[in-house]
Amino acid sequence: DTEVTQTPKHLVMGMTNKKSLKCEQHMGHRAMYWYKQKAKKPPELMFVYSYEKLSINESVPSRFSPECPNSSLLNLHLHALQPEDSALYLCASSHGGQVETQYFGPGTRLLVL
Amino acid sequence: GNSVTQMEGPVTLSEEAFLTINCTYTATGYPSLFWYVQYPGEGLQLLLKATKADDKGSNKGFEATYRKETTSFHLEKGSVQVSDSAVYFCALSDNNQAGTALIFGKGTTLSVSS
């Protein structure tokens, strides 16, 4: 089973709202990732958690706040977003070890009004 | 630094045509190489991978061979179907540690007509 789940599938929010994106995997993977993908572009890395610790933060604005409550869950808290933050947000996980393969969830399509 | 270069799309083919999408990379050491596919409105799915020189990854009729001498990992399929219409991303990982970021190419859009 190589499934990564994400909720919600779609989200519309105003610029003053606070919302959260959720990601879950039960493959025993030790690393989890958030990517942002704009239309017709490759995914851009935002954050990496490795063994539940934030290991990479790609200079993401503070209106995006990641959280890793345990090894299976990853959240992305959103606050005071801008319309240009509208995108597909992808979560991925990987095991590490001999071959580092990332498995992606279906994404949350976010629209900021 | 490490990078991945893919052929520019879109690639437009008729059903049953032969497909090649070129991918070359720049990396130090011995990266792992991947092809991901993204169908309209969906996330990325791992299509195939190769972890060392001369390895051939294959899945669903797609193949790619890790060529260290030409630093390439071209994707091929002998006979495409309409259902193969998607965006294809070549990617590399230069480290086998958990939490290593993938480096993606810009993506190639494939459109197959019946």
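The written sequence of each chain sets the order in which its residues are numbered from 1. Ligands are numbered from 1 and chains lettered from A, in the order in which they are written. Reporting in this predicted model follows two pLDDT cut-offs: at least 70 for local features of residues, and 80 or more for side-chain atom pairs to be given and counted; totals over whole chains, interfaces and linings ignore these cut-offs and use all residues. Only heavy atoms go into the side-chain values, all of them from the structure, while hydrogens and water stay out.

Colleague: Just to check I follow, could you spell out the overall build of chain A for this structure?
Modeller: Broken down by element type, chain A carries 0 helices and 11 strands. Starting at the N terminus, helices and strands are each numbered in turn, a helix being any DSSP run of H or I of at least four residues and a strand any DSSP run of E of at least two. Reading the helices (α) and strands (β) of chain A from amino to carboxyl end gives β-β-β-β-β-β-β-β-β-β-β. For 113 residues, the compact-globule formula gives about 13 Å, and the C-alpha radius of gyration of chain A, at 13 Å, lands near that figure. Summarising its shape, the C-alpha atoms of chain A cover approximately 45 × 25 × 20 Å along the three principal directions. Categorising residues by exposure relies on relative accessible area from a 1.4 Å probe, with only protein chains included: less than 20% of the type maximum marks a residue as buried, more than 50% marks it as exposed, and the intermediate range marks it as partly exposed. The proportion of buried residues among the 113 residues of chain A is 48%. A contact between two residues is defined here by any heavy atoms of the two lying within 4.5 Å. Long-range pairs, those at least 24 residues apart, make up 53% of the contacts in chain A with a sequence separation of at least 6. Asp and Glu count as negative and Lys and Arg as positive, but His and the ends of the chain are not part of the count. One atom stands in for each charge, and that atom is NZ of Lys, CZ of Arg, CG of Asp or CD of Glu. Here chain A contributes 12 positive and 10 negative side-chain charges, whose respective centroids are spaced 8 Å apart. Two things to know: the radius of gyration comes from C-alpha atoms, and the globule rule equals 2.2 Å times the number of residues to the power 0.38.

Colleague: What is the right way to read a nonpolar patch on the surface from this model?
Modeller: Taken together, the side chains of Val-12, Leu-111 and Leu-113 of chain A make up a nonpolar region of the molecular surface, amounting to roughly 290 Å² of accessible area. Note that Leu-113 of chain A resides in the segment after strand 11 (108-112). Only residues whose relative accessible area exceeds 30% and that form no salt bridge enter a patch; like-charged residues are grouped when within 9 Å of one another, and nonpolar side chains (Val, Leu, Ile, Met, Phe, Trp, Tyr) when within 5 Å. Computed by Shrake-Rupley with a 1.4 Å probe, the accessible areas treat only the displayed protein chains as cover when residues are assessed. Basic side-chain nitrogens of Lys or Arg form a salt bridge, by our definition, when they fall within 4 Å of a carboxyl oxygen of Asp or Glu.

Colleague: Honestly, unusual backbone geometry in this entry has me stumped. Any pointers?
Modeller: Most peptide bonds take the trans configuration, and most residues that are not glycine carry a negative phi. The linkage connecting Thr-7 of chain A with the following residue, Pro-8 of chain A, adopts the cis geometry, with an omega of -10 degrees. Inspection of the secondary structure assignment puts Pro-8 of chain A in the loop between strand 1 (4-7) and strand 2 (10-13). Even without being glycine, Ser-59 of chain A reaches a positive phi, approximately 55 degrees. Turning to its location among the elements, Ser-59 of chain A is positioned in the loop between strand 6 (53-57) and strand 7 (64-70). Look at Ser-59 of chain A and you get exposed, because its relative accessible area is 72%. Although it is not a glycine, Thr-71 of chain B sits at a positive phi angle of roughly 45 degrees. Within the secondary structure layout, Thr-71 of chain B lies in the loop between strand 8 (62-65) and strand 9 (75-77).

Colleague: Sorry if this is basic, but what is going on with the pairing of strand 10 (residues 86-93) of chain B here?
Modeller: When a strand is regular, its side chains alternate between the sheet's two faces. Residues and elements named next belong to chain B. For strand 10, a buried count of 7 out of 8 residues is recorded, marking the element as mostly surrounded by other parts of the structure. As defined by bridge partners, strand 5 (residues 32-38) adjoins strand 10 across 7 bridges and the pair is classed as antiparallel. From the neighbouring strand, Gln-38 faces strand 10, where its bridge partner is Val-87. Paired strands, in this sense, are two strands between which DSSP finds at least two bridges. As paired elements, strand 10 and strand 12 (residues 108-113) share 3 bridges and run antiparallel to each other. In the strand pairing of strand 12, Ala-86 is matched with Leu-110. As judged from the 2 bridges shared by strand 10 and strand 11 (residues 103-104), these two strands associate in the antiparallel manner. Bridged to Leu-92 within strand 11 is Ile-103.

Colleague: Is there a simple way to think about the state of the cysteines in this case?
Modeller: The disulfide criterion used throughout: a pair of cysteine sulfur atoms within 2.5 Å. Counted under the stated rule, the structure contains 2 disulfides over all chains. Two residues share a disulfide in this structure: Cys-23 of chain A and Cys-91 of chain A, whose sulfurs sit 1.9 Å from each other. Judged by the sign of its S-S torsion, about -70 degrees, the cystine formed by Cys-23 of chain A and Cys-91 of chain A is left-handed. One end of the pair, Cys-23 of chain A, is in strand 3 (residues 18-25); the other, Cys-91 of chain A, is in strand 9 (residues 87-94), and 68 residues separate them in sequence. You can call Cys-23 of chain A buried: its relative accessible area is 2%. The buried category is assigned to Cys-91 of chain A, whose relative accessible area is 0%. With a sulfur-sulfur separation of 2.0 Å, Cys-23 of chain B is cross-linked through a disulfide to Cys-90 of chain B. Its torsion about the S-S bond being -70 degrees, the disulfide of Cys-23 of chain B and Cys-90 of chain B is classed as left-handed.

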